[in-house]
Amino acid sequence: MVNFVRVAQTSDIPAGEGRSFEVEGKMIAVFNVNDTFYAIDNVCPHRGGPLGEGYLENKTVTCPWHGWQFDVTCGKSTVNPAAAVASLPVKMEGSEIFVGL
Ligand code: FES
């Protein structure tokens, strides 16, 4: 069963941006794509860059370290089919954002 944990509120993450959060010892990245929120593993599979601090354009985040790109809605790399990060379920309760670990 998925354990949903409160991570942030909607006002913490402006539209078109992402943020990194530590939740129960795990680093996750949450993105606001036109006021729909998506969560993925924060750790870039290349060398561990913080994806939540990357540049978000539409639903694609660019890793701030060396530019790998991922679709934040599914965690898949947009350039390398072999690379992906975990995509985590998001649940909203009013303005509170919960992520399933
Ligand atoms: S650590 Fe993300 S692209 Fe290198």
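Residues numbered from 1 in each chain as written. Predicted model: local features only at pLDDT ≥ 70, side-chain atom pairs only at ≥ 80, totals over all residues. Heavy atoms only, no water.

Draft legend 1. The arrangement of the pairing of strand β3 (residues 26-33) in detail. Burial runs high along β3: six of the eight residues are buried. Of the strand pairs in this sheet, strand β2 (residues 18-23) and β3 are connected by six bridges, and their pairing is antiparallel. The residue bridging G18 from the neighbouring strand is F31, located in β3. If you look at the hairpin formed by β2 and β3, you'll find two residues sitting between the two strands, and E24 has a positive phi there, around 50 degrees. As paired strands, β3 and strand β4 (residues 36-41) are joined by six bridges and run antiparallel to one another. In the sheet register, I28 faces β4, and the bridge partner there is D41. (Buried < 20%, exposed > 50% of the residue type's maximum accessible area, 1.4 Å probe, protein only. Helix = DSSP H or I, 4+ residues; strand = E, 2+ residues; numbered from the N terminus. Pairing = 2+ DSSP bridges.)

Draft legend 2. Geometry of unusual backbone geometry. Phi is positive for D35, close to 70 degrees, though the residue is something other than glycine. Judged by its relative accessible area of 57%, D35 is exposed.

Draft legend 3. Fine view of the sheet that holds β2. With antiparallel pairing, the four strands of this open sheet are ordered in space as β2-β3-β4-β8. Each edge of the open sheet carries a strand with a single partner, namely β2 and β8 (87-88). Here β4 pairs with β8 via two bridges, running antiparallel. Bridging from a neighbouring strand, I40 pairs with S87 of β8.

Draft legend 4. Quick peek at the sheet that holds strand β10 (residues 96-100). Strand order in this open sheet of three strands is β1-β10-β9, and the pairing throughout is antiparallel. Taken across any chain shown, the strands that pair with only one partner, and hence form the sheet edges, are β1 (4-9) and β9 (90-93). Geometrically, the sheet is characterised by an average inter-axis angle of 30 degrees between neighbouring strands, direction not taken into account. Alignment of β1 against β10, held across five bridges, turns out to be antiparallel. Within β10, the position partnered with A8 by the bridge is I97. (Axes fitted to C-alpha atoms, helices over the stretch in contact; angles between N-to-C directions.)

Draft legend 5. Up close: the packing of aromatic side chains. Going through the model one piece at a time under the given rule, you end up with zero aromatic pairs. Taking the ring centre of F98 as reference, the NZ or CZ of K91 above it sits at 5.9 Å. (Phe/Tyr/Trp six-rings, centres within 6.5 Å; stacked < 30°, edge-to-face > 60°. Lys NZ or Arg CZ within 6 Å of the ring centre and 35° of its normal.)

Draft legend 6. Looking closely at the pattern of salt bridges. Scanning the entire structure with this criterion turns up four salt bridges. Between R6 and E96 there is a salt bridge whose closest N-O contact spans 2.1 Å. Here E96 lies in strand β10 and R6 lies in strand β1, a separation of 90 residues in the sequence. R6 gets classed as partly exposed once you look at its relative accessible area, which sits at 39%. With a relative accessible area of 21%, E96 lands in the partly exposed category. The salt bridge involving R19 is made with E17; its shortest N-O contact spans 3.0 Å. By relative accessible area, R19 is classed as partly exposed at 30%. For E17, a relative accessible area of 34% corresponds to the partly exposed category. (Salt bridge = Lys/Arg side-chain N within 4 Å of Asp/Glu carboxyl O.)

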